[in-house]
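# Summary of structural features
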Amino acid sequence: MDLKLDHHTKDGIEIVDVEGEIDVYTAPRLRELLIELVNSRFYQLVVNMEKVEFLDSTGLGVLVGGLKRVRAHDGSLDLVCTQERILKIFRITGLTKVFGIHDTVDEAIAARKSEK
Amino acid sequence: MVAEDASRASHASGGRPDTAMSDRMHVLLIEDDDGDALIVEELLLDAGAPFNMRRARSLAEARPQLGNVSCVLLDLELPDSRGLTGVRMLQDAMPELAVVVLTGISDEHLGEEAVGAGAQDYLVKGQVDGFLLQRVVRYAVERSRAEETQRQLAQARLLAAENSRLERGLLPSPLLADPRLTVAARYRPGGGQMLLGGDFYDLVQAADGWVHVMIGDVCGRGPDEAALGVCLRVAWRTLVLAGRPVQEVLSGVQQVLEHERQNERLFATLCMLSIAPDRAEGRLHLAGHPPPILLTSDSMRELAAPVSLPPGIGPGSEWPGSTVRLGDSWSLLLYTDGLIEGRVGPGPERLGSDGLMKMIEKARVQAPAAAVPDRPENERLIDSIIDQARELNGEDLDDDLAMLLIGYHGPAGGAGP
């Protein structure tokens, strides 16, 4: 029932490291962090979900909300995830079409750079 | 009676003392005039009143201490407040606090106005003895407590009424004429709370014999989500009753969501299944929602269809669907993700749809043994699924969940067990 959040800048992109469970109780903290980053003018975000153990629909809502916020500033929100059980959630909800999902943080950064 | 210095008293432990149980009531006198304050203290001392009294010289000084007192004796002429402003400030800061106003003889009319503004009572300085003062304070506290209890009760009743109204809106009676079909439905708010989520479902048999079933989930939980869920369900039912094609129904639901949502970030997942008049096949549309599970006498599987984005996320004007084969005799389980997000042990593992299917398998094996003659098979199965999910989770599931189990007992029209 715990969520750890951390973030750092890499190659001009803000990497958000998420660890633990993103559920109805913890998702508000992730939302606050994403809002805070956007308010601090970080519009290129990569959310690293490699250590996320659980993600529910409230958590998905927070990620979608974050995406809408950065897009309002022509920004981007990519995800790093290789865990099958998390990927399955994105497949069921069709959100694989909305988020760029990558195997590593470097890959996410490279994909973002090549798009520019 | 103990008169404490205000600054010292503010170090006292936080939290409101339970004055109903303890004999000593905590009273805060807000009075800038030392002489008047002394008189009040003496009066209470004479009466042997079991009060702990503190004193503040202004509203500003009183404010941080309000959490610890049962009753405030308020002078209406203070350095930082005149007349009724003090009463209103105390009402705003702490509506449940008992306030008794002290007035002079010349402004006794203010006392009555203070009661109108929310004070429990008023006393005229110089016309009070210790016993009257003590009694007024006690009654004021008791009345205030009774009013608070009443207020909480009324609020709880309102909340319950609001929830049941929303629940009725979210979970309608199916419109079904075909006697060969049975419907069992369940809804459980999450976390053992009264708070509703945005899960919804509906079932409508159209004039042409098709039966349209829908289940959906507004992301998040709370009254906004629940209200939006009601909107979406009614929009869906209206479009289906109007005989609109599925593409229009889903686009219409999406438009209603975009117009009615309180918050731009809300979206909803939706699963819609249209069952053909022969009941042997259907058309399935998945918009970000888990697929239904098809149960037949010898198999169980998730139905498959292309997945489109949940309404509210993308521009989404196309809703690809898939024809699904159902067979001669079947049951279909439609559910929201609250059902499969429950824990299955101490770790982060969750039930998931695989776990759900294992559970159904188990429930179907056990069902005959637990047979209750007057309840249809599907009613037992759906309860057994919820019970197992809750048991595995170790407590009530966190998210709300909705389930719809539709049974078809074959072209012969067998009524089932």
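Details of the structure are given in the entry above.
Now for a look at the structure at hand. (Residues numbered from 1 in each chain as written. Chains lettered and ligands numbered in written order. Predicted model: local features only at pLDDT ≥ 70, side-chain atom pairs only at ≥ 80, totals over all residues. Heavy atoms only, no water.)

## Examining the interface of chain B and chain A
Where we set the bar: Only heavy atoms matter for contacts: two residues are in contact if any of them lie within 4.5 Å across the pair. The salt bridge criterion pairs a side-chain nitrogen of Lys or Arg with a carboxyl oxygen of Asp or Glu, the two atoms within 4 Å. Any N or O atom pair separated by 3.5 Å or less is treated as a polar contact, with the protein-specific requirement of one donor-capable and one acceptor-capable atom, and with residues adjacent in sequence counted only for side-chain atom pairs. Helix and strand definitions here come from DSSP, where helices need a minimum of 4 consecutive H or I residues and strands a minimum of 2 consecutive E residues; each element is numbered from the N-terminal end.
Contact with chain B, which involves 27 residues of that partner, is made by 25 residues of chain A. We note a salt bridge from R343 of chain B to E21 of chain A, for which the minimum N-O separation is 2.8 Å. Across the contact surface, chain B and chain A share seven residue pairs in polar contact (both at pLDDT 80 or more). Sorting the residues of the side of chain B that touches chain A by element identifies β11 (211-221), β16 (307-308) and α9 (352-366) of chain B as the ones contributing at least two each. A total of four residues in the side of chain B that touches chain A trace back to one element, the largest contributor, which is β11 of chain B.

## Quick word on the layout of surface pockets
Any empty space left between atoms is shown by rolling a water-sized probe over those atoms. Here is the rule: Cavities and pockets were defined on a 1 Å grid built over protein atoms only: a cavity is a set of grid points that admits a 1.4 Å probe from which the probe cannot escape, a pocket is an open set flanked by protein on both sides within 12 Å along at least five of seven lines, and lining residues are those with an atom within 4 Å of any such point. Grid points are joined across faces, edges and corners, and a volume is the space filled by probe spheres set on the points. Three classes are used, and their members are as follows: Ala, Val, Leu, Ile, Met, Phe, Trp, Tyr, Cys and Pro are nonpolar, Asp, Glu, Lys and Arg are charged, and the others, Gly among them, are polar.
Here the largest pocket is characterised by a volume of approximately 540 Å³. In this structure, the largest pocket is lined by 31 residues; those nearest its centre are R85, K88 and I89 of chain A together with I340 and G352 of chain B. When residues of the lining of the largest pocket are traced back to their parent elements, those giving at least two are β3 (44-55), α2 (57-71) and α3 (84-92) of chain A together with β11 and α9 of chain B. Among the elements that make up the lining of the largest pocket, the one with the highest residue count is α3 of chain A (six residues). Classifying every residue of the lining of the largest pocket by side-chain character gives twelve nonpolar, eight polar and eleven charged.

## Side note on helix α2 (residues 34-47) of chain B
Residues and elements named next belong to chain B. Here is the rule we go by: For a helix, the expected span equals 1.5 Å multiplied by the number of residues minus one. The cut-offs for exposure are 20% and 50% of the maximum accessible area for each residue type, with area from a 1.4 Å probe on protein chains only; residues under the lower value are buried, those over the upper are exposed, and the others partly exposed. The arc in question is formed by the directions pointing from the helix axis toward the C-beta atoms.
Over its 14 residues, α2 runs 20 Å from end to end, which matches the ideal 20 Å to within 8%, given 1.5 Å per residue. Looking at α2, one finds that the buried residues are A37, V40, E41, L43, L44 and A47. One side of α2 holds all its buried residues, which, seen down the axis, span an arc of 155°. With a side-chain oxygen positioned 2.8 Å from the backbone nitrogen of G35, the residue opening α2 is D33. Backbone geometry just downstream of α2 places G48 in the positive-phi region, at approximately 65°.

## A closer look at the packing of helix α7 (residues 223-241) of chain B against helix α8 (residues 246-260) of chain B
All names here are of chain B. The criterion, for reference: As a rule, the C-alpha atoms of each element are fitted with a line to give its axis, helices using only the stretch in contact, and angles between N-to-C directions run from 0 to 180 degrees. Each angle receives one of four descriptions, namely roughly parallel if under 35 degrees, roughly antiparallel if over 145, roughly perpendicular if within 65 to 115, and oblique otherwise. The sense of a crossing depends on the near helix, which, turned anticlockwise from the far helix by less than a right angle, makes the crossing left-handed and, turned clockwise, makes it right-handed.
Where α7 contacts α8, the axes come no closer than 9 Å and their chain directions differ by 150°. With respect to α8, the axis of α7 lies roughly antiparallel. Of the two elements, α7 crosses α8, and the hand of that crossing is right-handed. Residues L228, C231, L232, A235, W236, L239 and V240 of α7 form the contact with α8, whose own contacting residues are E248, V249, G252, V253, V256, L257 and E260. Within the contact of α7 with α8, the residues separate by chemical class into eleven nonpolar, one polar and two charged.

## Here we look at the nonpolar core
Most often, soluble globular proteins have nonpolar side chains that are buried together. Just so we agree on the cut-off: We call a set of buried residues a nonpolar core when its members are Ala, Val, Leu, Ile, Met, Phe, Trp, Tyr or Cys and they connect through side-chain atoms within 4.5 Å of each other.
Judged by nonpolar contacts, the single largest core of 83 residues is most densely connected at M49, F90 and F99 of chain A. The contact partners of M49 of chain A, leaving out residues within four places of it in the chain, are I22, L55, L63, L79, V80, C81, Q83, I86 and F90 of chain A.

## Description of the environment of V38 of chain A
With respect to the helices and strands, the residue V38 of chain A is situated in helix α1 (residues 27-39). For V38 of chain A, a relative accessible area of 9% translates into the label buried.

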